[in-house]
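Chain by chain, the residues:
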Amino acid sequence: MNDGTWKVEMHPQRWGDPARAEALPEGARGLVELAFGLVDSPAAPPASPPAPGIDVTLLDELRARLGAAHVLTDDETRRLRTRGKSTPDLLRARGGDLTDAPDAVVRPGSHDEVAAVLAWAVEHHVAVVPFGGGTSVTGGLVARREGYAGVVSLDLARLRRLLAVDHTSMTAVLEPGLRGPEAEALLAAQGLTLGHHPQSFEFATIGGFAATRSSGQASAGYGRFDSLVVGLRVATPRGDVRLGAAPASAAGPDLRQLFLGSEGAFGVITEVTVRVRPLPEVVHDEGWRWPSFDAGAEAVRTLAQAGLLPTVLRLSDETETAIGLARPDEIGGQSASGCLMVAGFEGTAEAVAARRTAVGALLTALGGEPAGEEPGEAWRRGRYDAPYLRDAMLDVGVLVETLETATFWSRRGATYAAVRAALETALPGALVLCHLSHVYETGCSLYFTVAAPAGDAPLERWRAAKAAANDAIVASGATITHHHAVGSDHRPWLHHEIGDVGVSVLRAVKADLDPTGVLNPGVLVP
Ligand SMILES: Cc1cc2nc3c(=O)[nH]c(=O)nc-3n(C[C@H](O)[C@H](O)[C@H](O)COP(=O)(O)OP(=O)(O)OC[C@H]3O[C@@H](n4cnc5c(N)ncnc54)[C@H](O)[C@@H]3O)c2cc1C
């Protein structure tokens with residue numbers, strides 16, 4: 001069994017592998033200075049979290065059950081399980097604010113031990129925050145503390161096995177604590193892949209993907225994570241739930257959907273059965289250029305509705321094309337007009353060749369101009385690098401954050417314009433970039449990146465800008481989140497999307513599965 005440690009723990013004040021932390025590349029420095037000015041803004045030295053506020057005799061009970069090595073209260077472990085990795089989370093960590101640190105980190109080693117932790121939490125009224133990779137960007141890892149005997153982080157890092165593979169049905173059973181690369185390596189040894197590659201892939205986990213209904217960069221080909229899930233096992237305060245007895249079913253409403261996206265508020269996911277595919281023989285990326293975002297978006301819609309999607313499909317708007325076309329170390333070195341589309345193809349050599357020919361013919365007929373392989377290959381090389389650049393920008397006093405939504409094709413233009421205007425009004429002088437990705441026959445996701453001078457009160461300024469963007473999103477009839485989930489940040493907007501009856505259904509499910517409210521209080525359920 002895994003001992004619960006990872007080869008690389010994320011930096012407590014930055015994104016990702018501490019060894020990959022870098023200063024802003026020279027080329028980008030000039031551009032950033034010109035746009036925003038450079039203000040040296042180093043992080044405060046790592047602070048100590050407040051002393052654990054839980055009665056130690058309660059933790060001793062847990063130690064007797066899990067073993068002392070798996071109930072931890074040291075500063076370093078608690079610091080690493082404090083909040084997620086949104087820009088506000090990073091700003092607080094950089095400022096030395098660890099007030100949301102859990103009182104203890106507990107690492108159960110089996111489904112039964114997860115259930116035992118929940119029983120203990122119910123008995124003593126302790127809040128439990130399930131913790132996967134810690135990459136939440138919506139406040140999903142900050143539980144309400146008031147009224148509880150303490151807050152523990154339930155770290156799933158010891159549940160990291162591939163439990164079973166069914167090569168005939170093409171399914172695999174994975175434990176929730178596996179990070180993306182670990183899960184892919186275990187599957188690759190069997191000639192298989194999940195094909196789920198969000199930008200947080202290197203650190204996020206299988207359980208987290210399910211609990212947030214994550215969507216990866218190759219969602220056009222492999223599908224969003226929830227569409228890959230065939231079955232689930234969940235530990236709840238009311239008992240064990242196993243779902244997914246058949247590939248499809250008419251046995252009432254699909255209860256798997258209650259736990260997909262439940263963000264630790266209804267139970268702890270302890271096993272995920274996923275649909276898998278053969279490892280691709282061929283991976284080919286290419287770029288296409290469009291005169292405008294509208295023209296490119298219409299082409300994406302046409303591909304989706306013709307059933308001719310590549311595996312990866314993303315279209316940058318004019319600003320993102322000009323700024324982000326080059327690799328991060330070359331930003332400022334070149335710029336381009338129009339809009340860049342990246343199309344990636346994966347599969348057998350035959351299938352990739354056939355799909356490329358069909359997609360290429362359609363895109364050419366629609367007015368697209370082939371831009372060769374380099375833009376696609378550069379995108380793939382740098383696909384996990386942007387979050388490191390965000391830290392380098394924070395170091396020079398520039399606030400960078402992202403937000404996302406999805407909407408129907410008929411509202412795409414209006415939603416894009418409304419969110420952009422809201423952000424530009426709330427943050428004068430901000431640079432707002434957008435790309436379209438996660439494409440469906442009926443619509444698409446819009447993913448915005450915002451850069452602005454951090455100024456004196458970056459948290460307050462971002463809170464106001466994000467609220468303005470959320471208001472614009474709901475006013476335009478789009479979803480409050482396509483793949484980042486609700487957490488505590490989007491919770492005040494959820495009722496606009498699901499209405500009073502929807503809210504009361506969520507509350508009723510919560511009351512039934514978690515009657516004393518110990519699971520991730522303050523997250524998801526309004
Ligand atoms: C730089 C960056 C890039 C990102 N890119 C993407 C992207 O491309 N696509 C995308 O979809 N998301 C993206 N995200 C968001 C984030 O990575 C996803 O939400 C991810 O699915 C969370 O997985 P995790 O293992 O880190 O979960 P955590 O952050 O640990 O937890 C997320 C939520 O799920 C709950 N949870 C975790 N594990 C379980 C479990 N086993 N049972 C029950 N509840 C659980 C937690 O309590 C919490 O509420 C990005 C985030 C960052 C910081």
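Chemist: Help me out: how do you make sense of the overall build of the protein in this one?
Modeler: Each helix and strand counted, the protein has 18 helices and 18 strands in total. Over its C-alpha trace the protein gives a radius of gyration of 23 Å, about what one expects of a compact globule, namely 24 Å for 526 residues. Looking at the 526 residues of the protein, the share that counts as buried comes to 56%. By sequence separation, contacts in the protein at least 24 residues apart represent 77% of the contacts at least 6 residues apart. In the form shown here, the protein has an accessible surface area of approximately 20,500 Å², with 55% of it arising from carbon and sulfur atoms. Taking the average location of the 47 positive side-chain charges in the protein and that of its 63 negative ones, the two points are 2 Å from each other.

Chemist: It is not clear to me how the packing of aromatic side chains should be interpreted in this structure. Could you clarify?
Modeler: Working definition: an aromatic ring pair is given by the centre-to-centre distance plus the angle between the planes. Counted under the stated rule, the structure contains 5 aromatic pairs. Each ring, one from Phe293 and one from Tyr416, has its centre 4.9 Å from the other, and the planes form 50°; the classification is tilted. Placement of Phe293 in helix H11 (residues 293–305) and of Tyr416 in helix H16 (residues 412–426) is noted, with a sequence separation of 123 residues between them. Residue class for Phe293 comes out buried when judged on its relative accessible area of 3%. You can call Tyr416 buried: its relative accessible area is 13%.

Chemist: So what exactly am I meant to see when it comes to the packing of H11 against helix H13 (residues 349–365) here?
Modeler: In helix packing, the relevant descriptors are the interaxial angle and the interaxial distance, both defined with respect to the helix axes. Where H11 contacts H13, the axes come no closer than 10 Å and their chain directions differ by 140°. With respect to H13, the element H11 is oriented oblique. You can see that H11 and H13 cross each other, and the crossing is right-handed. From H11, Ala299, Thr302 and Leu303 reach across to H13, where they touch Val359, Leu362 and Leu363. For the contact of H11 with H13, the per-class residue count stands at 5 nonpolar, 1 polar and no charged.

Chemist: Any chance you could explain the nonpolar core here in plain terms?
Modeler: Where a protein is soluble and globular, its nonpolar side chains tend to be buried together. Core analysis: the biggest nonpolar cluster contains 47 residues, and Leu315, Met341, Leu423, Leu436 and Phe448 have the highest contact counts within it. In terms of residue count, H11 provides more of this core than any other element does, 6 residues in total. Apart from the residues within four sequence positions on either side, Leu423 is in contact with Leu403, Val432, Phe448, Val450, Trp462, Ala465 and Ala469.

Chemist: It is not clear to me how the side chain of Arg314 should be interpreted in this structure. Could you clarify?
Modeler: Within the fold, Arg314 resides in strand S13 (residues 312–316). The buried charged residue Arg314 lacks any salt bridge, with Glu320 as its nearest oppositely charged partner at 4.8 Å. Of note is the side chain of Arg314, whose polar atom sits 3.3 Å from the side chain of His435. Arg314 has contacts with Gln217, Leu340, Met341, Val342, Trp379, His435, Leu436 and Ser437, leaving out every residue within four places of it along the chain.

Chemist: Can you help me understand the environment of Leu243 in this one?
Modeler: Within the secondary structure, Leu243 sits in strand S9 (residues 239–243). In this view, Leu243 contacts Val230, Gly231, Leu232, Leu255, Arg256 and Phe259; residues no more than four positions away in its chain are not counted.

Chemist: In this structure, what is going on with the packing of H16 against helix H17 (residues 458–475)? I would like to understand it.
Modeler: Relative orientation of the contacting elements H16 and H17 amounts to 155°, with a least axis distance of 8 Å. By the angle class used here, H16 and H17 are roughly antiparallel. Between H16 and H17 lies a crossing whose hand is right-handed. For the pair formed by H16 and H17, the contact residues are Ala418, Val419, Ala422, Leu423 and Ala426 on the first element and Trp462, Ala465, Ala468, Ala469, Ala472 and Ile473 on the second. For the contact of H16 with H17, the per-class residue count stands at 11 nonpolar, no polar and no charged.

Chemist: Looking at this model, I keep getting lost on the sheet that holds strand S5 (residues 162–166). Mind explaining?
Modeler: Hydrogen bonds between backbone atoms are what pair the strands of a sheet, whose relative direction is either parallel or antiparallel. A sheet is described by the order of its strands in space; here 5 strands give the open sequence S5-S6-S10-S8-S9, paired in antiparallel fashion. The two strands at the open ends of the sheet, each matched to only one other strand, are S5 and S9. Each neighbouring strand pair of the sheet contributes to a mean axis angle of 10°, computed without reference to strand direction. Sheet topology places strand S8 (residues 229–236) next to strand S10 (residues 268–275); 6 bridges connect them, and they run antiparallel. Within S10, the residue paired with Val229 across the bridge is Val274.

Parameters and conventions
Residues numbered from 1 in each chain as written. Predicted model: local features only at pLDDT ≥ 70, side-chain atom pairs only at ≥ 80, totals over all residues. Heavy atoms only, no water. Helix = DSSP H or I, 4+ residues; strand = E, 2+ residues; numbered from the N terminus. Rg over C-alpha atoms; globule rule 2.2 N^0.38 Å. Buried < 20%, exposed > 50% of the residue type's maximum accessible area, 1.4 Å probe, protein only. Contact = heavy atoms within 4.5 Å. Areas by Shrake-Rupley, 256 points an atom, 1.4 Å probe, with all protein chains shown as cover. Lys, Arg positive; Asp, Glu negative; His and termini not counted. Charge placed at Lys NZ, Arg CZ, Asp CG, Glu CD. Phe/Tyr/Trp six-rings, centres within 6.5 Å; stacked < 30°, edge-to-face > 60°. Axes fitted to C-alpha atoms, helices over the stretch in contact; angles between N-to-C directions. Parallel < 35°, antiparallel > 145°, perpendicular 65-115°, else oblique. Left-handed = near helix turned anticlockwise from the far one by under 90°. Nonpolar A, V, L, I, M, F, W, Y, C, P; charged D, E, K, R; others polar. Core = buried A, V, L, I, M, F, W, Y, C linked by side-chain atoms within 4.5 Å. Salt bridge = Lys/Arg side-chain N within 4 Å of Asp/Glu carboxyl O. Polar contact = N/O pair within 3.5 Å; in protein donor to acceptor, adjacent residues only side chain to side chain. Pairing = 2+ DSSP bridges.

Keep in mind that these numbers describe shape and distance, not what the molecule does.
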